[in-house]
Amino acid sequence: MGDVNMVNFKGWNDTFALFDIKQGVMENEQILEKIIVCHQGNWTTEDAMNCHPKFEKYEDVQAAMGHGLHLIKKYFLPDKNRTCFEYRLIEKDCVLVVPATGEEIDFEIYGLGFDNQKNLLLKREL
């Protein structure tokens, strides 16, 4: 059985949600190496951050306010209207920071081990 509480909501910093990410063993008995953050809407467009004018791109929020995660890739899934951001854990204890709109219903964080099999770690409103 995997570790519990590998992802915990820390609270808010203005309109940004903060999450503690702790490396551990997931339910599939693999060590958490990467996460995929799935956020409703297309966060890859030029005007995606209009409601957060301090930042040019979604991933700039993590670079400025979070720590312990390195962006690998981002991609938009038009059929699901979701943008996914894949990060590698570069520390055992990380802080993920994401912009929020107040209208997010299905915000999800998945964990990946060495085989890249997705494990749902968190699903919540944002």
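Residues numbered from 1 in each chain as written. Predicted model: local features only at pLDDT ≥ 70, side-chain atom pairs only at ≥ 80, totals over all residues. Heavy atoms only, no water.

Here the focus is the overall build of the protein chain. Looking only at helices and strands, the protein chain has 1 helix and 8 strands in total. In summary, the protein chain has a C-alpha radius of gyration of 14 Å against a globular reference of 14 Å for 126 residues, a match within 12%. Projected onto its principal axes, the C-alpha coordinates of the protein chain cover approximately 40 × 30 × 25 Å. Counting all 126 residues of the protein chain, 45% fall into the buried class. Taking as baseline every contact in the protein chain between residues at least 6 positions apart, the subset at least 24 positions apart corresponds to 62%. About 7,000 Å² of surface is accessible on the protein chain, with carbon and sulfur atoms providing 46% of the total. Taking the average place of the 14 positive charges on the side chains of the protein chain and the average place of its 21 negative ones, the gap between the two points comes to 3 Å. (Helix = DSSP H or I, 4+ residues; strand = E, 2+ residues; numbered from the N terminus. Rg over C-alpha atoms; globule rule 2.2 N^0.38 Å. Buried < 20%, exposed > 50% of the residue type's maximum accessible area, 1.4 Å probe, protein only. Contact = heavy atoms within 4.5 Å. Areas by Shrake-Rupley, 256 points an atom, 1.4 Å probe, with all protein chains shown as cover. Lys, Arg positive; Asp, Glu negative; His and termini not counted. Charge placed at Lys NZ, Arg CZ, Asp CG, Glu CD.)

Once that is clear, we can look at the environment of asparagine 5. Tracing the sequence through the fold places asparagine 5 in the segment before strand 1 (7-13). Accessibility expressed as a relative area gives 53% for asparagine 5, which makes it exposed.

All right, on to the sheet that holds strand 6 (residues 93-99) then. Strand order in the open sheet made by the 3 strands is 1-2-6, with antiparallel pairing throughout. Two strands close off the open sheet at either side, each with one partner strand: strand 1 and strand 6. Along the sheet, successive strands turn relative to each other by an average axial angle of 25°, direction set aside. One ladder, built from 6 bridges, connects strand 1 with strand 2 (residues 16-22); its direction is antiparallel. By the bridge assignment, phenylalanine 9 is partnered in strand 2 with phenylalanine 19. Strand contacts of helix 1 (residues 58-65): strand 1, strand 2 and strand 6, with the helix running at about 140° to strand 6, the strand carrying the most contacts. (Pairing = 2+ DSSP bridges. Axes fitted to C-alpha atoms, helices over the stretch in contact; angles between N-to-C directions.)

Relative to strand 5 (residues 82-89), strand 4 (residues 69-77) is paired through 8 bridges, and the arrangement is antiparallel. In the sheet register, leucine 69 faces strand 5, and the bridge partner there is leucine 89. Hairpin connection between strand 4 and strand 5: a loop of 4 residues separates the two successive antiparallel strands, and asparagine 81 in this loop has a positive phi of roughly 50°.

Another point: the nonpolar core. Ranked by size, the top nonpolar core spans 31 residues in total, and within it Phe19, Ile35, Val37 and Leu96 carry the most contacts. The set of elements that each furnish at least two residues to this core consists of strand 2, strand 3 (34-40), helix 1, strand 5, strand 6 and strand 7 (107-112). Ignoring anything within four residues of it in the chain, the contact list for valine 37 reads Tyr58, Thr83, Cys84, Phe85, Tyr87, Leu96, Val98, Phe107, Glu108 and Ile109. Counting residues in hydrophobic clusters, the runner-up holds 5 residues, among them Ile36, Cys38, Tyr110 and Leu112. (Core = buried A, V, L, I, M, F, W, Y, C linked by side-chain atoms within 4.5 Å.)

Residue placement: glycine 102 occurs in the loop between strand 6 and strand 7. The sequence separation of glycine 102 and leucine 126 amounts to 24 residues, and the corresponding C-alpha distance is 6.1 Å.

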